[in-house]
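# Structural overview for review
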Amino acid sequence: MVNRFILNEVSYFGPGARKELPGVVARLWFKKALVVTDKGLMKFGVAKMVLDVMDEAGIAYEIFDDVKPNPTVTNVKNGIEACKKAEADFIVAIGGGSSMDTAKGIGIVVRNPEFSDIVSLEGVADTKNKSLPIIALPTTAGTAAETTINYVIIDETRQAKMVCVDPNDIPCVAIIDAELMYSLPKSLTAATGMDAMTHAIEGLITKAAWELSDMFEIKAIEMIHRYLPIAVNEPTNPVGRNGMAVAQYVAGMAFSNVGLGVDHGMAHPLSALHDIPHGVACAMLLPTVMRFNMPAAIDKYVDIAKAVGVYRDGMTKEEAAEAACDEIAALSRLVGIPEHLTELGVTEADIPALAEQAINDVCTPGNPREVTKQDIVDLYYKIL
């Protein structure tokens, strides 16, 4: 078996790392950027922290800030037109997963116009050309979209999330600057942080996991467990913020290359059909899905128990696995994640439609334990 591992060409880490941007642009001989961000980041001055660096360096750019929280096909098409009108030769993506995913969709279609309907990008798209170069600056610590080969777009017609997987979409440069995350609200810090934890755990136990990916995911689990409560409760503490910024990137490096599982498969329709924030959906499902997967990945659960500090000498594998699940559930409660779908407006009548999308989601086949639609229905009921 041959394993593949794809990473950014270059990445920069640390508070203030955005100041590396002019040097990157000069080194790559870029001329004009399309800045892809959202109106909230513009309003609250987060995007300005990057734009000020660009202005000082004299980097030409135009702004596309019509990014939606769950970007749609129409959203991406509008961005493509903005990119063409600007005559941009690279993209600067500032934001969370929504900005990154929109930028990836724009960049791929600009270089591969035969996919201009956007919906043909769903799944593993057979694009021939690399994306228009993207320099990605995340403002959340969760999605790791700055280092993944995945992006998610909502098809409004079907009311379904399209998971697109394409090695050609990975940003050429990632700049992980924790200072861009200091103003992130507590609830969003928690949701994105638990999304990162879900990436790390699912990436550790997915069918395609191997030694290199395991190394990254175990470290990510340890770091997220340590730093997420600090980032949530002390938002300007550089230790917590930078720790989470790095941890979510480490998780992304691995899961991007080995895939995820049914937690993400079930979370995607919760966002598409009920507009539940992706990280919240993942976190609500995680302890229950972990227990479902325990028989298929019990040795890995012992590793999780050790990473989060609950393993004790003399424990059986089953005891260690239960302790790991309990600790992840406790972390989720600690940072304020809701525990039941009814708290977010989901009803029993919604479950069949959710299960139909989840069983067909591109992430579901990577689950370590074989899963049926009835299994998914049962899992939704457990957190209803």
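See the structure shown above.
Residues numbered from 1 in each chain as written. Predicted model: local features only at pLDDT ≥ 70, side-chain atom pairs only at ≥ 80, totals over all residues. Heavy atoms only, no water.

## Some remarks on the nonpolar core
Where a protein is soluble and globular, its nonpolar side chains tend to be buried together. If you look at the biggest cluster of nonpolar residues, it comprises 78 residues, and the most contacted ones within it are Met 194, Met 197, Ile 221, Met 266, Leu 270, Tyr 301 and Tyr 380. Apart from residues lying up to four places away in sequence, Ile 221 is in contact with Met 197, Ala 200, Ile 201, Leu 204, Ile 304, Ala 307 and Val 308. One finds Phe 64, Val 73, Ile 91 and Ile 153 within the second-largest nonpolar core, a separate group that totals 29 residues. (Core = buried A, V, L, I, M, F, W, Y, C linked by side-chain atoms within 4.5 Å. Buried < 20%, exposed > 50% of the residue type's maximum accessible area, 1.4 Å probe, protein only. Contact = heavy atoms within 4.5 Å.)

## Quick word on the environment of Lys 68
Position of Lys 68 among the secondary structure elements: in the loop between β3 (60–64) and α4 (73–86). Remark: the alpha-carbon pair of Lys 68 and Asn 78, spanning 10 residues in sequence, is separated by 12 Å. Not counting the four nearest positions on each side in its chain, Lys 68 is found in contact with Asn 75 and Ser 98. (Helix = DSSP H or I, 4+ residues; strand = E, 2+ residues; numbered from the N terminus.)

## Thoughts on helix α5 (residues 97–111)
If you check α5, its first and last C-alpha atoms are 21 Å apart, about what 15 residues at 1.5 Å a residue would give, namely 21 Å. Counting buried positions along α5 gives 13 out of 15 residues, so the element sits mostly inside the fold. (Expected span 1.5 Å × (residues − 1).)

## Observations concerning the sheet that holds strand β7 (residues 150–155)
The strands that make up a sheet pair up through hydrogen bonds in the backbone, lying either parallel or antiparallel. Spatially, three strands are ordered β5-β8-β7 in an open sheet, and the strand pairing comes out mixed. Pairing within the sheet leaves two strands with one partner each, and these edge strands are β5 (123–124) and β7. Strand direction decides the pairing type here: β5 and strand β8 (residues 160–165), joined by two bridges, are parallel. Following the sheet pairing, Val 124 is matched in β8 by Val 165. (Pairing = 2+ DSSP bridges.)

## Notes on the sheet that holds strand β6 (residues 134–138)
The strand order β1-β9-β6-β4-β2-β3 describes an open sheet built from six strands, whose pairing is parallel. Each edge of the open sheet carries a strand with a single partner, namely β1 (10–13) and β3. Looking at each pair of strands side by side, their axes are set apart by 15° on average, direction ignored. Sheet topology note: the strand β2 (residues 32–36)/strand β4 (residues 90–95) ladder contains four bridges and is parallel. By the bridge assignment, Ala 33 is partnered in β4 with Phe 90. (Axes fitted to C-alpha atoms, helices over the stretch in contact; angles between N-to-C directions.)

Honestly, it's all geometry; don't read function into it.
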